[in-house]
Amino acid sequence: MNAVIIVFPGTNRERDMAIALERASGRKPTLLFHRADALPAGTDLVVLPGGFSHGDYLRSGAMAAQSPIMQAVRDFAAKGGHVLGVCNGFQILTEAGLLPGALLRNATLRFLSMDCHMRVERSGTPYTAHWQKGAVFRAPMAHGDGNYFCDDETLARLNGEGLVAFRYSTPAGEITDAANRNGARQNIAGILSPNLRICGLMPHPEDLVDPLMGGTDGLPMFTSLVESLATA
Amino acid sequence: MSTAPTSLDAARAKQLSAEFGLKADEYDRVLSILGRTPSLTELGIFSVMWSEHCSYKSSRVWLRTLPTKAPWVIHGPGENAGVIDIGDGLAAIFKMESHNHPSFIEPYQGAATGVGGILRDVFTMGARPIANLNALRFGAPEAPRMKRVIDGVVRGIGGYGNSVGVPTVGGEVNFHPAYNGNPLVNAMTVGIAPKDRIFLSAAAGIGNPVVYVGSKTGRDGIHGATMASAEFSADSEEKRPTVQIGDPFTEKLLIEACLELMATDMIVAIQDMGAAGLTSSSVEMAGKGGVGIELVMDNVPQREQGMTAYEMMLSESQERMLMILKPGREAEAQAIFHKWELDFAVIGHLTDTGHIVIRHKDVVEADIPLAPLESEAPLYRRPTAETPKRAVLDAAAIADPVGPLAALETLVGSLDLCSRRWIWDQYDSTVGGQTVKRPGGADAAVVKLDGLKRALAITTDCTPRYCQADPEAGGAQAVAEAWRNLTAVGATPLAITDNMNFGNPEKPEIMGQFAAAVRGMAAACTALDFPVVSGNVSLYNETEGRAILPTPAIGGVGVLEDAAHAVGLALTPGLDLVLVGATQGWLGQSLWLREIAGREEGAPPPVDLAVERRNGDFVRARILEGQVAACHDLADGGLLVAVAEMAMADGTGATLAAPPAGQAPHGWWFGEDQGRYLLAVTDGAALVAAAQAAGVPAAIIGRSGGGDLVLADGSSISVASLRMAHEATLPALMEGRAA
């Protein structure tokens, strides 16, 4: 798997992502600064990691979505490339128009840093192949703007086409308001593009891939990717 | 062009010097050093360099008595931060610093820039910051403005730390009315660097370029250091313009750019522009190197138009660094800073004059000899008055009004013991992917070093009510508790940073508190091989004449050779609970006495440093042998609170033995005797036997299991209801909602 992690000014979870990708694939990913206008040849996964790109003083991810490298990422996606956006990366994907909807201020109006549980809503995708549908996993979340919003039409399409990847749930897998800390529409934590190759989610599976850090709940996302891309 | 600076009118200068905080005799010294009346810029430079904040003029004579050496200490106090050898060719670089006054005036920005400032102190030495902690003291929540202060400080720490991507992994919070008009915000950063790649601040090389990088200079924070060196009055809100505004995004870029530059060999010396900004950084770098420095203000990147030399030299705009580069390397260095979209400007050069010369618009605005600016800086051995000793209380002579379980339920929900989840849920504690023990999971935070087995344990500690009652015992206790908390996760404690928060040093009783606290700290540091490698002093923490509790906050760092050895505090079922250390039932200054009996009285518990070390070394050895499933030190609230905290961590209860015959039960359950740990182990008898062989008091006091805490008389309370009381307090207070 030739993974490329894009580093924007203010990105801060690129090392966490690199650790997770290397743990799953045995290969160090390439870190690419946002000023580049092309992806390295042979790239088969682009990751937009977490952080506060450009300080997120405008809408989160809005400026990063205009970075030089993002045209190359759009082209890569248009050709069927795999793109994962986590936290700020998810925000950038929505700002870049690669995924629908927007990430609003958390309903609590506070930054939320805690473990959350997510139910896997669709298995068999490059990002979820190693989970059963309905499986529940834990991951840290750490964001101020994670409240997923989209219009009713988009919501119907996401639900109808099975493009909701993950929903916030209780540890037992129940979809409740209490489990939905940031106030996301219908507890949506992560979504997929129609071709299932682009995935954005707010929590950080990359921060839970080592028993020493409290568990390996996040690892299946990365082992799924390794297997999918090896056979792609 | 090289004429002398234009002196102020003599009477005007004298009046201004007083406004800038210089005493009359200090101003006379300025006149004799210069041999003339100073210019405005010169007066500004003298007043900030000789402020309490920058000169440590009241505290230095005492700080010198602290032990600062050990074989593992690479750089002790005097650099931007302390540096210790942690093995594997790496150094830990760390410091704690206060931002008390700004955080009261403007809580969000005050706390945020406190975090920014301490981060710069650490990465300026070549370290990548890997952990932040904060030690906070707030007033009574019902005090005017206090909820706004609590909310703003927590948001500010989170807003800055979360954005720069350094995990906030621990800290401590106390509440006491003594902080109503003067809360404390002490921020600590720990960073990691190769031990042979440490960057220092002493300038060298006549003619070498002086380079300014980072944010532009504005008019914010002018005279911040002076403000931080005076008491508050009721009009403190009017001082808001002295508070700086933080930009964590620029700080993040500055970290990356500086670390990229530090990977080359271009830097001679580097220092952040902290308190007193360009003044202190240029004066200290040139002074330490024994060289002169000439700066051209026209070249300083400026955010506003029409700034004067005085304003630029005194500005405390954030996210700026000053560097001395090797000659001819400016273009290479500039390319790195431009990549990160940061300002880069050559603003001067080093000279052989031994003077700092400031030029602006072809006029010399200041010309000061550096040697006397430092050597003749005021140094005071202020009068001290000893704090009167308090009586030792006898637990048996104090009535227990409620019994142990009702007291426990009250205590775990009290402000000083309730869950801090509302706070740490706003701090990103996992960014970096190396956080082994997060807030609430263990007695100290544990952060692994990327790519290695090795981990650091980090804690902050101080018990201000002990320090108020007996500053010497309290100073020793703060150091001992930090050592104990590191030990309780299995780490070998290495060194501390101290953040000395006190009232007005011109009052003998306050100076006496300071001197006594230092005495106690020094004794503990020596006995525990736990030297001071960096620190910060914050005096004049008074509003309208009322001083805070003396608060010598200690930040401790220890090392674990293998992160997998770290233990947390959560109980699991089926384990023996073993109490290590002797219990006399010391209720003086205990939280039980304050919260249950309504009394703040008595002598605080003494720390027997030899016993402390013996007990701690015993516990650490057992942890590293893998015999301990969970460990928690006994601190605020005593034994029963410690059991409850271990139980609440994972929802596992325990059945506890009766107090030993002859002891007052409330003394046994809630006494705050020092040097104690509670261990959860599979074979309690073996542990007790090992303890006896080592001459360490130990006894099995219970067994884990079930969902309740059950006492020997059959009375019980569910862990769930304890948790409810524990978790409800801060959300109810701050959000008006249940947990």
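Residues numbered from 1 in each chain as written. Chains lettered and ligands numbered in written order. Predicted model: local features only at pLDDT ≥ 70, side-chain atom pairs only at ≥ 80, totals over all residues. Heavy atoms only, no water.

A.B. asks: How would you summarise the overall build of chain A if you had to cite specific residues and measurements?
C.D. replies: Helix and strand counts for chain A stand at five helices and 11 strands. Taken over the C-alpha trace, chain A has a radius of gyration of 16 Å; the compact-globule value for 232 residues is 17 Å, and the two agree within 12%. Principal-axis analysis of the C-alpha atoms places the extent of chain A at approximately 45 × 35 × 35 Å. Buried residues in chain A amount to 61% of all 232 residues. Contacts in chain A between residues far apart in sequence, at least 24 positions, make up 75% of those at least 6 positions apart. Both charge centroids of chain A, one from 20 positive and one from 22 negative side chains, sit 1 Å from each other. (Helix = DSSP H or I, 4+ residues; strand = E, 2+ residues; numbered from the N terminus. Rg over C-alpha atoms; globule rule 2.2 N^0.38 Å. Buried < 20%, exposed > 50% of the residue type's maximum accessible area, 1.4 Å probe, protein only. Contact = heavy atoms within 4.5 Å. Lys, Arg positive; Asp, Glu negative; His and termini not counted. Charge placed at Lys NZ, Arg CZ, Asp CG, Glu CD.)

A.B. asks: Tell me about the UniProt feature "binding site: Mg(2+) 2" (unreviewed entry) in chain B, and name the residues and values.
C.D. replies: Residue and element names in this part refer to chain B. Per the UniProt record, "binding site: Mg(2+) 2" (unreviewed entry) is found at Asp121 and Asp272. Maximum C-alpha separation among the annotated residues is 6.4 Å over a sequence range of 152 residues, consistent with a single clustered spot. Relative to the helices and strands, Asp121 resides in helix H7 (residues 107-123). Relative to the helices and strands, Asp272 is located in strand E8 (residues 267-272). The class of Asp272 is buried, set by a relative accessible area of 4%. In contact with Asp272, not counting residues within four places along its chain, are Asn80, Gly117, Arg120, Asp121, Thr124, Ser281, Arg320 and Met321. (UniProt positions renumbered as here; feature names shortened; annotations may be inferred.)

A.B. asks: Talk me through the sheet that holds strand E9 (residues 164-169) of chain A; I want residue IDs and the actual numbers.
C.D. replies: Residues and elements named next belong to chain A. Pairing within the open sheet is mixed, and its nine strands lie in the order E2-E1-E3-E4-E11-E10-E9-E6-E7. With one partner strand each, in any of the chains shown, strand E2 (30-33) and strand E7 (136-143) form the two edges of the open sheet. When the angles between neighbouring strand axes are averaged without regard to direction, this sheet yields 25°. With three bridges joining them, strand E10 (residues 188-192) and strand E11 (residues 198-201) adopt antiparallel strand pairing. (Pairing = 2+ DSSP bridges. Axes fitted to C-alpha atoms, helices over the stretch in contact; angles between N-to-C directions.)

A.B. asks: Which residues make up the packing of helix H15 (residues 404-412) of chain B against helix H22 (residues 638-650) of chain B, and what are the values?
C.D. replies: When two helices pack together, their arrangement is given by the angle between their axes and by how far apart the axes lie. All names here are of chain B. Interaxial distance between H15 and H22 falls to 10 Å at its minimum, and their mutual angle equals 65°. For the crossing formed where H15 meets H22, the hand is right-handed. Between H15, through Pro404, Leu405, Leu408, Leu411 and Val412, and H22, the contact on the second element is made entirely by Leu640, Val641, Ala644 and Met648. Taken together, the residues of the contact of H15 with H22 sort by class into nine nonpolar, no polar and no charged. (Left-handed = near helix turned anticlockwise from the far one by under 90°. Nonpolar A, V, L, I, M, F, W, Y, C, P; charged D, E, K, R; others polar.)

A.B. asks: How would you summarise the pairing of strand E25 (residues 677-681) of chain B if you had to cite specific residues and measurements?
C.D. replies: Regular strands have side chains that alternate between both faces of the sheet. All names here are of chain B. In terms of burial, E25 is largely enclosed, as five of its five residues are buried. Pairing of strand E22 (residues 576-580) with E25, which is carried by five bridges, proceeds in the antiparallel orientation. Paired with Leu577 across the bridge in E25 is Ala680. The sheet contact formed by strand E23 (residues 628-633) and E25 spans five bridges and is antiparallel.

A.B. asks: A description of the side chain of B:His632 should follow, citing residues and the corresponding values.
C.D. replies: Residues and elements named next belong to chain B. You can see His632 is positioned in strand E23. For His632, a relative accessible area of 6% puts it in the buried group. Within polar-contact distance, the side chain of His632 engages the side chain of Glu645 at 2.5 Å. Apart from residues no more than four positions distant in its own chain, His632 is found in contact with Asp443, Leu569, Ala642, Glu645, Met646, Tyr677 and Leu678. (Polar contact = N/O pair within 3.5 Å; in protein donor to acceptor, adjacent residues only side chain to side chain.)

A.B. asks: Any chance you could break down the UniProt feature "active site" (unreviewed entry) in chain A for me, citing the residues and the numbers?
C.D. replies: Residues and elements named next belong to chain A. Per the UniProt record, the feature "active site" (unreviewed entry) sits at Cys87, His204 and Glu206. In three dimensions, the annotated residues from a span of 120 residues occupy one location, with a maximal C-alpha spread of 11.0 Å. In this structure, Cys87 sits in the loop between strand E4 (82-86) and helix H3 (88-95). Accessibility expressed as a relative area gives 5% for Cys87, which makes it buried. Setting aside chain neighbours within four positions, we find Cys87 in contact with Gly50, Ala142, His143, Leu201, Met202 and His204. Beyond its immediate chain neighbours, meaning those up to four positions away, His204 contacts Arg13, Gly50, Val86, Cys87, Ala139, Pro140, Met141 and Ala142.

A.B. asks: Give me the lowdown on the pairing of E4(A), citing residues and values where you can.
C.D. replies: All names here are of chain A. Within E4, five of the five residues are buried, which leaves it mostly tucked inside the rest of the structure. By the alternation rule, side chains of E4 split into His82, Leu84 and Val86 and Val83 and Gly85, which are all buried. Of the pairings in the sheet, the one linking strand E3 (residues 45-48) to E4 comprises four bridges and is parallel in character. The residue of E4 that forms the bridge with Leu45 is His82. For the segment spanning E3, helix H2 (residues 68-78) and E4, crossover handedness is right-handed. Pairing of E4 with E11, which is carried by four bridges, proceeds in the parallel orientation. When the bridges of E11 are listed, Val86 appears paired with Leu201. (Right-handed = clockwise from strand over helix to strand, strands pointing away.)

A.B. asks: Tell me what's going on with the UniProt feature "domain: PurM-like C-terminal" (unreviewed entry) in chain B, and back it up with residues and numbers.
C.D. replies: Mapped onto this numbering, the UniProt entry annotates "domain: PurM-like C-terminal" (unreviewed entry) at residues 206-360 and 573-707 of chain B. Helix makes up 37% of residues 573-707 of chain B and strand 19%. Its end C-alpha atoms lie 10 Å apart.

A.B. asks: Describe the side chain of A:Thr128, naming the residues involved and giving the relevant values.
C.D. replies: Residues and elements named next belong to chain A. Tracing the backbone through its elements, the reader meets Thr128 in the loop between strand E6 (112-120) and E7. Take Thr128: its relative accessible area is 0%, and that puts it in the buried class. Polar contacts involving the side chain of Thr128 include one to the main-chain carbonyl oxygen of Arg122, which spans 2.7 Å. What Thr128 contacts, discounting residues up to four positions off in sequence, is Val120, Arg122, Ser123, Phe166 and Ser224.

A.B. asks: Describe the sheet that holds strand E6 (residues 184-194) of chain B, listing the residues and the values that go with them.
C.D. replies: Residue and element names in this part refer to chain B. Across the sheet, which stays open at both edges, the six strands sit in the order E1-E2-E3-E6-E4-E5 with mixed pairing between neighbours. Looking along the sheet, the strands with just one partner apiece sit at the ends: strand E1 (73-75) and strand E5 (168-175). Geometrically, the sheet is characterised by an average inter-axis angle of 25° between neighbouring strands, direction not taken into account. Sheet topology places strand E2 (residues 82-87) next to strand E3 (residues 90-98); five bridges connect them, and they run antiparallel. Considered in E3, the bridge of Ile84 is made with Ala92. Running over the sheet, H7 touches E3, strand E4 (128-138) and E6 and is turned about 25° from E6.

A.B. asks: Mind laying out the packing of helix H18 (residues 471-488) of chain B against helix H19 (residues 508-527) of chain B, listing which residues take part and the relevant values?
C.D. replies: All names here are of chain B. Put simply, H18 and H19 touch, their axes get as near as 7 Å, and they point 40° apart. The angle between H18 and H19 places the two elements in the oblique class. Crossing of H18 against H19: the hand is right-handed. Contacts between H18 and H19 involve Pro471, Glu472, Gly475, Ala476 and Val479 on the former and, on the latter, Gln513, Ala516, Ala517, Arg519, Gly520, Met521, Ala524 and Cys525. Each residue belonging to the contact of H18 with H19 can be placed in one class, and the counts come to eight nonpolar, three polar and two charged. (Parallel < 35°, antiparallel > 145°, perpendicular 65-115°, else oblique.)

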